[in-house]
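The chain contents come next:
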Amino acid sequence: MRKSFALSLCFLLSACSQTALEKLNSGYDAFLETSDSSLYKDLAKAQNPHTLVISCSDSRVVPEYIFNAKAGDLFSLRLPSADTDVSAAVDYAVNTLKIKNIVILEHSDCSGLQDKAIRERGIKRLNALKSVPAVKFALLSDKDFSVSLMMFDIKTRTLFAYNAEENEWDDI
């Protein structure tokens, strides 16, 4: 039986916003029940998106919904306004939107990399994210703020969370 997503994440994170994690848990459960497993098995072999969508990171604007796209149809890059620096999106999310949880979501079969390389890249991204001033300040000053690293296995639709203290990946 699959562990509870929220409980697993709360175990891995020193602080978490339970309500937000419960919503993510419900969403992941619904995804597992309704997503097309054969589509994800095909996508695990390769991605062939037909369009690059550069869009705002506004949570009300979801390119996949707007264009009625399936997984694999779009290659999305979401940034606030016309900014091209990822730290601007992070700063806006933390300082303006008051985001309490940041998830770096890596995935299997990315650019021909092996899972080990993808996971190592994710750890580097996690460390870089923690050095962004807005994140660094939030981690020090807000006990409810959390940053986590996850990896989604496209073929199996399994989600893994990185436990930095143990330097290991746990399936959720």
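Calculation rules
Residues numbered from 1 in each chain as written. Predicted model: local features only at pLDDT ≥ 70, side-chain atom pairs only at ≥ 80, totals over all residues. Heavy atoms only, no water. Buried < 20%, exposed > 50% of the residue type's maximum accessible area, 1.4 Å probe, protein only. Helix = DSSP H or I, 4+ residues; strand = E, 2+ residues; numbered from the N terminus. Phe/Tyr/Trp six-rings, centres within 6.5 Å; stacked < 30°, edge-to-face > 60°. Lys NZ or Arg CZ within 6 Å of the ring centre and 35° of its normal. Expected span 1.5 Å × (residues − 1). Arc of directions from axis to C-beta. Contact = heavy atoms within 4.5 Å. Pairing = 2+ DSSP bridges. Patch = residues over 30% accessible without salt bridge, like charges linked within 9 Å, V, L, I, M, F, W, Y side chains within 5 Å. Areas by Shrake-Rupley, 256 points an atom, 1.4 Å probe, with all protein chains shown as cover. Salt bridge = Lys/Arg side-chain N within 4 Å of Asp/Glu carboxyl O.

## Here's the deal with unusual backbone geometry
Argument step 1. Even without glycine at this site, Asn68 takes up a positive phi of about 50°.
Argument step 2. Asn68 gets classed as exposed once you look at its relative accessible area, which sits at 71%.
Argument step 3. Non-glycine residue Lys98 carries a positive phi angle of around 60°.
Argument step 4. Following the sequence through the fold, Lys98 ends up in the loop between helix 5 (86–96) and strand 3 (101–107).

## A short note on the packing of aromatic side chains
Argument step 1. Counting across every chain of the model gives 5 aromatic pairs.
Argument step 2. The interplanar angle of 90° and the centroid separation of 5.4 Å between the aromatic rings of Phe31 and Tyr40 together place this pair among those described as edge-to-face.
Argument step 3. Aromatic pair Tyr162 and Trp169: ring centres 5.2 Å apart, planes at 50°, arrangement tilted. In this structure, Tyr162 and Trp169 share a single accessibility class: buried.
Argument step 4. An aromatic cluster is present here, built from Tyr28, Phe31, Tyr40 and Phe152 joined pairwise through their rings.
Argument step 5. The lysine or arginine in question, Arg119, covers the ring of Phe160, its NZ or CZ lying 5.0 Å from the ring centre.
Argument step 6. The ring of Trp169 has Arg119 lying over it, and the distance from NZ or CZ to the ring centre is 5.0 Å.

## Quick notes on helix 6 (residues 115–130)
Argument step 1. Here helix 6 spans 22 Å end to end across 16 residues, near enough to the 22 Å set by a 1.5 Å rise per residue.
Argument step 2. Buried within helix 6 are the following residues: Ile118, Arg119, Arg121, Gly122, Leu126 and Leu129. Viewed end-on, helix 6 has its buried residues packed into an arc of 160°, placing them on one side of the element. For helix 6, the exposed residues lying more than 90 degrees away from the buried face are Lys116 and Lys124.
Argument step 3. Those residues of helix 6 that are buried are in contact with helix 5, strand 3, helix 7 (133–141), strand 4 (146–153), strand 5 (158–163) and strand 6 (168–171).

## So, the environment of Pro63
Argument step 1. Relative to the helices and strands, Pro63 is located in helix 4 (residues 63–66).
Argument step 2. Looking at Pro63, the relative accessible area reads 2%, which means it is buried.
Argument step 3. Separated by 15 residues in sequence, Pro63 and Arg78 have C-alpha atoms that sit 9.2 Å apart.

## Examining the pairing of strand 5
Argument step 1. Counting buried positions over the 6 residues of strand 5 gives 5, a clear majority of the element.
Argument step 2. With 4 bridges connecting them, strand 4 and strand 5 associate as antiparallel partners. Note on strand 5: the bridge partner recorded for Phe152 is Leu159.
Argument step 3. Direction of pairing for strand 5 relative to strand 6: antiparallel, over a ladder of 4 bridges. Within strand 6, the position partnered with Asn163 by the bridge is Glu168.
Argument step 4. In sequence, strand 5 turns back onto strand 6 through a hairpin of 4 residues, with Asn167 there showing a positive phi of about 50°.

## Describing helix 5
Argument step 1. By the burial criterion, the buried members of helix 5 are Ala89, Val90, Ala93 and Val94. Taken end-on, helix 5 shows its buried residues confined to a sector of 120°, consistent with a single buried face.
Argument step 2. Packed against the buried residues of helix 5 are strand 3, helix 6 and helix 7.
Argument step 3. Lys98 occupies a position one or two residues after helix 5 and carries a positive phi of about 60°.

## What to know about a nonpolar patch on the surface
Argument step 1. Taken together, the side chains of Leu52, Ile54, Phe75 and Leu77 define a hydrophobic patch exposed on the protein surface, amounting to about 410 Å² of accessible area.
Argument step 2. When contributions to the nonpolar patch are tallied by element, the ones reaching two or more residues are strand 1 (51–56) and strand 2 (74–79).
Argument step 3. Its location among the elements puts Phe75 in strand 2.
Argument step 4. Overall, the relative accessible area of 46% leaves Phe75 in the partly exposed class.

Read these as geometric descriptors, not functional statements.
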